[in-house]
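So the chains spell out like this:
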Amino acid sequence: MGVEDGQARIDWARRSMPISAKAAGQLQAEAASHIGIAVPLDPATASMALWLIEAGFKVSVLGVALAHDTAQGAAELLAILSDAGANICDSRDAFVNAGFDIALDDKGEDLPDGLSRAVVLLAHEATAPDIPIIHLGASSLLQECVSKHGQGQSCVSGFLDITNLQIAGSHVLVIGYDAAGQGIAKYASSYGARVIVCEQDPVKAVKATLDGHQVAVLDVALPKATVVFHALENETCLTLPQLELLPSGAFLCSAGHSQHHSLFDQIGFEVPGKIIRDHVTQHELGSGTNVKLVCNGMPIHSQLAKGFPLEIADVQIAAQLHALATLIAPECDLGPGLHPLPNSIEIELAKAMLEQA
């Protein structure tokens, strides 16, 4: 075990990501280009950092691992990156002050001054940058691959792994029917669950109905649900009084993208729950019922589900590398503001995925 084990994990990821490997092989670093990488660290994103170093970039990495990784596992990845020449930053402040001029960031929050351009996975719609930023979250291909299938599969399989329960025949409530909610409903249904969707947008609610799911308002759906996946971004529509409508012992899981917002804090549980199983806490409610909170309300796919499947990570990282290549190309004429991933890149990635199928 040790660094050798971390290297084996990275080698496995690299072998499983041929689309990203090809994109990395086409990169040519600008003179003195310094890239700051602030995405959750796992073998796939560590592979991306190594590819950038091999392409000639100077790289700084915010050393934040996915929560499912052990401290030893994260340290192994960071040690490998450090040995390869990466500057490892142990805090956001250290990262912001690392002096890079191009950012690859998961959220685009608190970007440092002095940047010339950035690639952001999930920029807020209200973001008004004064530099060109390619926003990957707007990509229809990535929404389908990453949010729907990657997140959907990871959330459902993560819940099953954590609880060792089956959901066949159970009522599973999915709150929110954006791409992630669609994926969770699809994969839960494939395991035999009876899926109920709560969605305020009438168009998305119609889609859920056409996809074969029951649609209901919260007050109707909650009393039936034995498992709840909260797939809304950043904010919740759930309150403590509403949770009392759940059957006693129901499970509550977060399935949003945010790595920084816990349902525990948003709903306002007054005291920490009782640990009844690894990563499951039981919370007593005023009515005498209880709800079981998974992963303390943090996104389940990034906590215990080991992130996205590598085939999904492959297309996401390839998109980041292509976006970076677009921004550093001499002919790039993108002005300040958020820009979508160019359609030509989406088509190239889609064709590459089809070749791998």
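Worth saying up front: this structure is predicted, and the values here are computed from it rather than measured.

Asker: Any chance you could explain the overall build of the protein here in plain terms?
Answerer: The helix and strand tally for the protein stands at 14 helices and 15 strands. Put simply, the protein has 357 residues, and 54% of those count as buried. The long-range share in the protein, meaning contacts at least 24 apart out of those at least 6 apart in sequence, stands at 69%.

Asker: Would you take a moment to explain the packing of helix α13 (residues 310-328) against helix α14 (residues 343-356) for this structure?
Answerer: How two helices pack is summed up by the angle between their axes together with the distance between the axes. In contact at an axis separation of 11 Å, α13 and α14 are set at 145 degrees when each is read in the N-to-C sense. Between α13 and α14 lies a crossing whose hand is right-handed. Across the interface between the two elements, Val315, Ala318, Ala319, His322 and Thr326 of α13 pack against Ile345, Glu348, Leu349 and Met353 of α14.

Asker: I tried to follow the environment of Glu233 on my own but got confused; where do I start?
Answerer: Locating Glu233 in the fold gives a position in the loop between β10 (227-230) and α10 (240-243). Note: C-alpha distance between Glu233 and Ser254 (21 residues apart in sequence) is 9.6 Å.

Asker: Even after reading the chapter, I still don't get the pairing of strand β4 (residues 102-105), so can you show me in this structure?
Answerer: A regular strand places its side chains on the two faces of the sheet in alternate fashion. Residues Ile102 and Leu104 point to one face of β4 and Ala103 and Asp105 to the other, with burial holding for every one of them. By the bridge criterion, four bridges tie strand β1 (residues 34-38) to β4 in an arrangement that is parallel. In the sheet register, Ile37 faces β4, and the bridge partner there is Leu104. As judged from the four bridges shared by β4 and strand β5 (residues 117-120), these two strands associate in the parallel manner. Each bridged residue has a counterpart across the sheet, and for Leu104 the counterpart in β5 is Val119.

Asker: Is there a simple way to explain the packing of aromatic side chains in this structure?
Answerer: Each aromatic ring pair is described using two quantities: the centre-to-centre distance and the angle formed by the ring planes. Taken as a whole and assessed by the stated rule, the structure comprises three aromatic pairs. Ring plane angle 40 degrees and centroid distance 4.7 Å describe the contact between Phe95 and Phe100, whose orientation is recorded as tilted. Each member of the pair Phe95 and Phe100 is classed as buried. Consider the rings of Phe159 and Phe229, whose centres lie 6.0 Å apart with planes at 75 degrees: the pair is edge-to-face. Here the residue Phe159 occupies a position in helix α6 (residues 140-163), and Phe229 occupies one in strand β10, the gap between them amounting to 70 residues. Across the pair, exposure class does not vary: Phe159 and Phe229 are buried alike. Through pairs of rings, three or more aromatic residues link up here, namely Phe159, Phe229 and Phe251. Over the aromatic face of Phe251 sits the side chain of Lys292, whose NZ or CZ is 5.9 Å from the ring centroid.

Asker: What am I meant to see in the nonpolar core here?
Answerer: In summary, soluble globular proteins display a tendency toward joint burial of nonpolar side chains. Residues Ile37, Leu52, Val59, Leu136 and Leu349 are the most contacted members of the largest nonpolar core, which totals 53 residues. Ranked by residue count, the leading element in this core is α13, at eleven residues. The contact partners of Leu52, leaving out residues within four places of it in the chain, are Leu27, Ile35, Ile37, Phe57, Val59, Leu104, Leu321 and Leu324. In this structure, Leu160, Val195, Ala208 and Cys253 belong to the second largest nonpolar core, which totals 27 residues.

Asker: Teacher, can you tell me more about helix α7 (residues 179-190) here?
Answerer: Side chains that are three or four residues apart share a direction in an α-helix, a result of its 3.6 residues per turn. Its twelve residues give α7 an end-to-end C-alpha distance of 17 Å, which sits within 8% of 16 Å, the value for a rise of 1.5 Å per residue. Counting buried positions along α7 yields nine of twelve residues, so the element is predominantly enclosed. Residues Ala179, Ala180, Gly181, Gln182, Gly183, Ile184, Ala185, Tyr187 and Ala188 constitute the buried set of α7. Buried-residue contacts for α7 involve α6, β7 (171-175), β8 (194-198), α8 (202-210) and β10. Count one or two residues on from α7 and you reach Gly192, which has phi positive near 95 degrees.

Asker: Mind showing me how you'd approach helix α3 (residues 43-54) here?
Answerer: Between the first and last C-alpha of α3 there are 16 Å, a value that for twelve residues agrees with the 16 Å anticipated at 1.5 Å per step. For α3, the buried fraction is high: eleven of the twelve residues fall into the buried class. Residues Pro43, Ala44, Thr45, Ala46, Ser47, Met48, Ala49, Leu50, Trp51, Leu52 and Ile53 constitute the buried set of α3. Between a side-chain oxygen at the N-terminus of α3 and the backbone nitrogen of Ala44 the separation is 3.1 Å; the capping residue is Asp42.

Asker: Looking at this structure, I do not really get unusual backbone geometry. What am I missing?
Answerer: For residues other than glycine, phi is negative in most cases, and the peptide bonds are mostly trans. For Asn164, which is not a glycine, the phi torsion comes out positive at approximately 55 degrees. Note on placement: Asn164 falls in the loop between α6 and β7. Although it is not a glycine, His279 adopts a positive phi angle of roughly 75 degrees. Mapped onto the secondary structure, His279 falls in the loop between β12 (274-277) and β13 (280-284).

Cut-offs applied
Residues numbered from 1 in each chain as written. Predicted model: local features only at pLDDT ≥ 70, side-chain atom pairs only at ≥ 80, totals over all residues. Heavy atoms only, no water. Helix = DSSP H or I, 4+ residues; strand = E, 2+ residues; numbered from the N terminus. Buried < 20%, exposed > 50% of the residue type's maximum accessible area, 1.4 Å probe, protein only. Contact = heavy atoms within 4.5 Å. Axes fitted to C-alpha atoms, helices over the stretch in contact; angles between N-to-C directions. Left-handed = near helix turned anticlockwise from the far one by under 90°. Pairing = 2+ DSSP bridges. Phe/Tyr/Trp six-rings, centres within 6.5 Å; stacked < 30°, edge-to-face > 60°. Lys NZ or Arg CZ within 6 Å of the ring centre and 35° of its normal. Core = buried A, V, L, I, M, F, W, Y, C linked by side-chain atoms within 4.5 Å. Expected span 1.5 Å × (residues − 1). Polar contact = N/O pair within 3.5 Å; in protein donor to acceptor, adjacent residues only side chain to side chain.

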